[in-house]
Amino acid sequence: MTIRRSSNDRLALGALLVLAVGTFTVGTDAFVLNGLLPTIAADLRVSEAVAGQLTTVFAVTYAVSSPLIAAFTGRLDRRWVLGAGMVLFTIGMAGQAIGESFAVVAVARVLAALGAAAFQSNAYVLAGALASDERRGRALATVSAGMSVSMVLGVPIGVLAGNWFGWRAVMWGIGAVAVIVALLVPLLPAVRMPTATLRDRLAIVVRPPIARVLGVSVLGTAAGFAAFVYLPVLVAPVAAGAMISWLLVGFGIGQIAGNAFAGRATDTLGSTRVRSISLIGTVATLALLDVAVLSLPGALVLALVSGAFGGMLMVPQQHRLFSLAPDAPTVALGLNGSAIYGGGALGAALGGIVLSSAGVWWIGPVAAFVALLAFALSVPSRTPVPQPA
């Protein structure tokens, strides 16, 4: 793969930090909404169920637009795409902050999701392209850490800042950080990825090895969301109110630890082994879910451990896609972002079906089975991988 880049071939820590702060900002917008829903619903004069659709709007927009943005911007310097994405994200945050109706806020949510899709997948592309093969896993993990940290802080920020200053102030705050990131993007090294036609770029999804990796992302994410979207119901006998926020914080801390481990381990052990550790661990923790939630200490330990195994998954996935699609890594990583958001929506829907039809105690076993399917799909094929022309 030939990449036109700046003369400095070594990815500076400062560049990684800018990208990590950007993914943190985008991730915070995604997760903070959970802690603000009651206030938003009351302010916009809609039910909490309707206000919750703002999350769905964001997820669907991201999933659909991410690969399309990657395909249509393939010839551009990644800095232009990153900067434009963060500017659009900032406009979306401002629209949410000033919107007086649900419709206006929903449209602003779409703009924020388009900006997030443009920024996030390209942040991984920039980190992966500029890092050497030996350090690519650690570079991807550094950028991914921004998303993991947002999972730790998203709910507490939403609850505390929303109570103190109001939910609109939270939107302005996220937008302010986005402006800072947008101003720093031009300082990043220049990278231009190999060009290809739109048809060629979108056709990579039908390559069997890439389709398998994306399938693992969908199923692996769905397994986690099937259980943890309904965490308040699962732990209701032993935890409620603020304690649930602490469980979510514990899950996020585990995500950070797992992500940090995955970065170095992917460089030393390889992406296949790290991915297997992640999925096998996820199967085990979800299988023990019903036992762990019988006590508060058990629920806390489960949150930490499951977060750690879940946090290990995406770095080896991104690393693998970067290797499988050297001719169109931007599109491949964009598709992976779509797979993650699609898996989240699938898992939330599956968990809701199980909860309403079979009961709360079946959520863990069903989620564990989905994780087992992800592991089965991840087992390397013995068929030689065809190389793109």
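If you're wondering where the values come from, they're calculated on a predicted model, not measured in any experiment.

K.L.:
Tell me about the overall build of the chain, and please be specific about residues and values.
P.N.:
The helix and strand inventory of the chain stands at 17 helices and two strands. Of all 389 residues assigned to the chain, the portion counted as buried reaches 53%. In the chain, the proportion of contacts linking residues at least 24 apart, taken out of those at least 6 apart, comes to 86%. Looking at the chain as shown, the accessible area adds up to about 16200 Å², and 71% of this sits on carbon and sulfur atoms.

K.L.:
Which residues make up the packing of helix α9 (residues 208–228) against helix α12 (residues 271–287), and what values do they have?
P.N.:
It is the contact of α9 with α12, at a shortest axis distance of 11 Å, that shows an interaxial angle of 25°. Put simply, α9 runs roughly parallel to α12. Read as a crossing pair, α9 and α12 show a hand that is left-handed. Here Val213, Val216, Gly220, Ala223, Ala227 and Phe228 of α9 come into contact with α12, specifically with Arg275, Leu279 and Leu286. Looking at the contact of α9 with α12 residue by residue, the class counts come to seven nonpolar, one polar and one charged.

K.L.:
A description of the nonpolar core should follow, citing residues and the corresponding values.
P.N.:
General note: in soluble globular proteins, nonpolar side chains tend to be found buried as a group. If you look at the biggest cluster of nonpolar residues, it comprises 73 residues, and the most contacted ones within it are Leu19, Phe89 and Met171. The biggest single contributor to this core is helix α5 (residues 102–130), with 14 residues. Shared between two domains, this core takes at least three residues from each, and those domains are domain 1 (12–192) and domain 2 (196–379). The residues contacting Met171, other than those within four sequence positions of it, are Asp29, Val32, Leu36, Met93, Gln96 and Ala97. If you look at the next biggest cluster of nonpolar residues, it comprises 28 residues, including Phe228, Ile244, Ala299 and Ala368.

K.L.:
Give a detailed account of the environment of Leu17, specifying residues and quantitative values.
P.N.:
Within the element layout of this structure, Leu17 appears in helix α1 (residues 13–44). Each C-alpha atom, one on Leu17 and one on Ala145, is 9.7 Å from the other, the two residues being 128 residues apart in sequence.

K.L.:
Break down a nonpolar patch on the surface for me, citing the residues and quoting the values.
P.N.:
A surface patch of nonpolar side chains, amounting to about 390 Å² of accessible area, comprises Val60, Val64, Leu68 and Phe72. Following the sequence through the fold, Phe72 ends up in helix α3 (residues 53–72). Residue classification places Phe72 among the exposed positions, given a relative accessible area of 61%.

K.L.:
Before we move on, could you go through helix α15 (residues 314–324) and cite the residues and values that matter?
P.N.:
Counting buried residues along α15, nine of its eleven residues qualify, which places the element largely inside the surrounding structure. If you check which residues of α15 are buried, you get Met314, Val315, Pro316, Gln317, Gln318, His319, Leu321, Phe322 and Leu324.

K.L.:
Explain the pattern of salt bridges to me, using residue names and the numbers behind them.
P.N.:
Tallying each qualifying case throughout the model produces three salt bridges. Arg109 is paired through a salt bridge with Asp29; the nearest N and O atoms lie 2.8 Å apart. A residue pair is termed long-range when its members are at least 10 positions apart, and Arg109 in helix α5 and Asp29 in helix α1 qualify at 80 residues. Neither residue differs from the other here; Arg109 and Asp29 are each classed as buried. One salt bridge connects Asp43 with Arg168, and the closest N-O pair in it is separated by 3.1 Å. Pair noted here: Asp43 is in helix α1 and Arg168 is in helix α7 (residues 167–184), with a separation of 125 residues, a long-range link. Of the residues examined, Arg168 reaches a relative accessible area of 17% and is grouped as buried. Among the charged side chains, a network of salt bridges with common partners joins Asp43, Glu100 and Arg168.

K.L.:
I'd like to hear about the environment of Ala308, residue by residue, with values.
P.N.:
Relative to the elements of secondary structure, Ala308 occurs in helix α14 (residues 296–311). Its relative accessible area of 18% is what places Ala308 among the buried residues. The spacing of Ala308 and Ser278 is 30 residues in sequence and 8.2 Å in space, taken between C-alpha atoms. When sequence neighbours within four positions are dropped, the list of residues in contact with Ala308 reads Gly254, Gln255 and Gly258.

K.L.:
Can you explain the side chain of Ser65? Please cite residues and give values.
P.N.:
Tracing the backbone through its elements, the reader meets Ser65 in helix α3. Ser65 gets classed as buried once you look at its relative accessible area, which sits at 8%. At 2.7 Å, the side chain of Ser65 and the backbone oxygen of Thr61 are in polar contact. In this structure Ser65 touches Leu114 and Ala117, once residues within four positions along its chain are discounted.

K.L.:
Summarise the confidence of the model for the chain; cite the residues concerned and give the values.
P.N.:
Chain-level pLDDT for the chain is 82 on average; 85% of the residues reach the 70-or-more range. The low-confidence segment residues 385–389, where pLDDT is below 50, has seven contacts with residues more than four positions distant or belonging to other chains.

Calculation rules
- Residues numbered from 1 in each chain as written.
- Predicted model: local features only at pLDDT ≥ 70, side-chain atom pairs only at ≥ 80, totals over all residues.
- Heavy atoms only, no water.
- Helix = DSSP H or I, 4+ residues; strand = E, 2+ residues; numbered from the N terminus.
- Buried < 20%, exposed > 50% of the residue type's maximum accessible area, 1.4 Å probe, protein only.
- Contact = heavy atoms within 4.5 Å.
- Areas by Shrake-Rupley, 256 points an atom, 1.4 Å probe, with all protein chains shown as cover.
- Axes fitted to C-alpha atoms, helices over the stretch in contact; angles between N-to-C directions.
- Parallel < 35°, antiparallel > 145°, perpendicular 65-115°, else oblique.
- Left-handed = near helix turned anticlockwise from the far one by under 90°.
- Nonpolar A, V, L, I, M, F, W, Y, C, P; charged D, E, K, R; others polar.
- Core = buried A, V, L, I, M, F, W, Y, C linked by side-chain atoms within 4.5 Å.
- Domains from an automatic or database assignment.
- Patch = residues over 30% accessible without salt bridge, like charges linked within 9 Å, V, L, I, M, F, W, Y side chains within 5 Å.
- Salt bridge = Lys/Arg side-chain N within 4 Å of Asp/Glu carboxyl O.
- Polar contact = N/O pair within 3.5 Å; in protein donor to acceptor, adjacent residues only side chain to side chain.
- pLDDT = per-residue confidence, 0-100.

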